[in-house]
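Examination of the molecular architecture
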Amino acid sequence: MTIRNMARELDGAAISALLRSLPARPLLLGLGEARHFVGELGELRNEIFRHLVEHEGYRSFAIESDCLKGLVVDDHLATGAGDLDDVMARGFSHGFGASPANRELVRWMRAHNEKHDEKLRFFGIDGPLEYWAASPREALTALHGLLDGPLPCTRETLDVLLGPDERWSDEATVMDPARSIGRSADAQRLRVIADELVALLDTQLPQLGVRDRERAQLYGRTAVGLLRYHHAMADPGAARISRLSALRDAMMAANLCAVAAHGPALVFAHNLHLQRHRSRLSLGDQHVQMWSAGAITAARLGDRYAYLASAFGAVGGDTPAADCAEGVLATLPWDAALVGGRHLAQVAAGASPRVSQDFAYFPLDPARLDVIDGVVFVRQAVDLGAPG
């Protein structure tokens, strides 16, 4: 069998056929990015999501962006609140609000909701962090405000313990753990308070409306996750960056499982966050490894989690060698194609890893193709935007 016999041109019918080939209907269908800010992939993602909504009953979209900022977009979809320019500026992190494909997606989802009673939902799955992290103020105070007394502390006490947000969000803490306040007396007390607030939330869930319940749980997950993250930032140990990366993906996985509760959703994030196997990457002289959010989610959802990796042929001016997996895919006659991961593993057995001149591109691992449900291949990635 050749790759041509196993692959299909990427369209809605190909996506539906792949879904039918899976052992179970996924609650979460992950579409990975081999590189952030590739315009061609964003446009294909939008086409895939429209097909999933119109033909497969999908009602949610989730993206690798700040989960708290995502509430701005979700409110806009539900009510029309906010000007689209403002929604894109405030509703995304990591510069993703500047993506034309993301703007078009939000516009289309809002137009859909204006015409249908069953509304589409939007979710951010990332924490309010990169390798540095935001203050837990927003999550803690929002959760505190949704609960009835007796509360473990007053709002004023929270404000005193939190102090200025700048002492939490200092980017220099990434390289210098001594600058982190994550193990200070204030931070330690806030961790106890966050735990008590989440425990109190569990006792008060029945009295909260659906919207407040969902948001209170999100605030609780985020507050606890951020305080854990800041605590790890103050660790001077050699495995510090790997620990931070693992905590970040664990927060993503918790958010993904919450998204799954709303029914079938398309998830768009980097391949490194969605793949089922352990992720490895180099950051300067740091060799980072962690279980990805996809691996953690798959451990919880089993066959109800499915993952499509993306791969590109030409990335800017960089083209793949013939003996790598992307080189095999480049022999296909279509601009965009879909092939099962196990099928590609058969054809690309013995392939060499791709060596890319684009530092932001993460090639397919030929040894891991059999744990991917499918590969979305884009022949040319020309619209690269900002490096991710």
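The structure under discussion appears in the preceding block.
Presented here is an overview of the structure given in this document.

How each quantity is defined
- Residues numbered from 1 in each chain as written.
- Predicted model: local features only at pLDDT ≥ 70, side-chain atom pairs only at ≥ 80, totals over all residues.
- Heavy atoms only, no water.
- Salt bridge = Lys/Arg side-chain N within 4 Å of Asp/Glu carboxyl O.
- Helix = DSSP H or I, 4+ residues; strand = E, 2+ residues; numbered from the N terminus.
- Buried < 20%, exposed > 50% of the residue type's maximum accessible area, 1.4 Å probe, protein only.
- Core = buried A, V, L, I, M, F, W, Y, C linked by side-chain atoms within 4.5 Å.
- Contact = heavy atoms within 4.5 Å.
- Phe/Tyr/Trp six-rings, centres within 6.5 Å; stacked < 30°, edge-to-face > 60°.
- Lys NZ or Arg CZ within 6 Å of the ring centre and 35° of its normal.

Bringing the pattern of salt bridges into the picture now. All chains considered together, the criterion is met by 21 salt bridges. Across the salt bridge formed by Glu56 and Arg25, the nearest N and O atoms sit 3.7 Å from each other. Of this pair, Glu56 sits in helix α3 (residues 39-56) while Arg25 is found in the loop between α2 (12-21) and β2 (28-33), placing the two residues 31 residues apart along the sequence. Take Arg25: its relative accessible area is 39%, and that puts it in the partly exposed class.

One can find Thr157 in helix α8 (residues 155-162). Classification of Thr157 as partly exposed rests on a relative accessible area of 24%. In the structure, Thr157 is positioned 33 residues away from Leu190 in sequence and 9.9 Å away in space, judged by C-alpha atoms.

Grouped together as the largest cluster of nonpolar side chains are 85 residues, with contacts concentrated most on Phe49, Phe61, Met109, Phe312, Leu329, Leu344 and Leu364. A total of eight residues in this core trace back to one element, the largest contributor, which is strand β8 (residues 305-315). With residues up to four places along the chain from it excluded, the contact list for Phe312 reads Ala34, Arg35, Val38, Leu41, Glu326, Arg354, Tyr361, Phe377, Val378 and Ala381. Counting residues in each nonpolar core, the second largest holds 27 residues, with Ala139, Leu147, Leu158 and Leu162 among its members.

Turning to the packing of aromatic side chains, a few remarks are in order. Counted under the stated rule, the structure contains six aromatic pairs. Judged by centre distance (5.2 Å) and plane angle (40 degrees), the ring pair of Phe37 and Phe96 falls under tilted. One end of the pair, Phe37, is in the loop between β2 and α3; the other, Phe96, is in the loop between α5 (84-90) and α6 (100-115), with 59 residues separating them in the sequence. An angle of 65 degrees between the planes, with centres 5.5 Å apart, marks the rings of Phe49 and Phe61 as edge-to-face. Taken together, the residues span a long stretch of sequence, with Phe49 in helix α3 and Phe61 in strand β3 (residues 60-66) at a distance of twelve residues. Grouping residues by exposure puts Phe49 and Phe61 together as buried. Following the ring pairs from residue to residue traces out a cluster consisting of Phe49, Phe61, Phe92, Trp108 and Phe122. Over the aromatic face of Phe268 sits the side chain of Arg45, whose NZ or CZ is 4.7 Å from the ring centroid.

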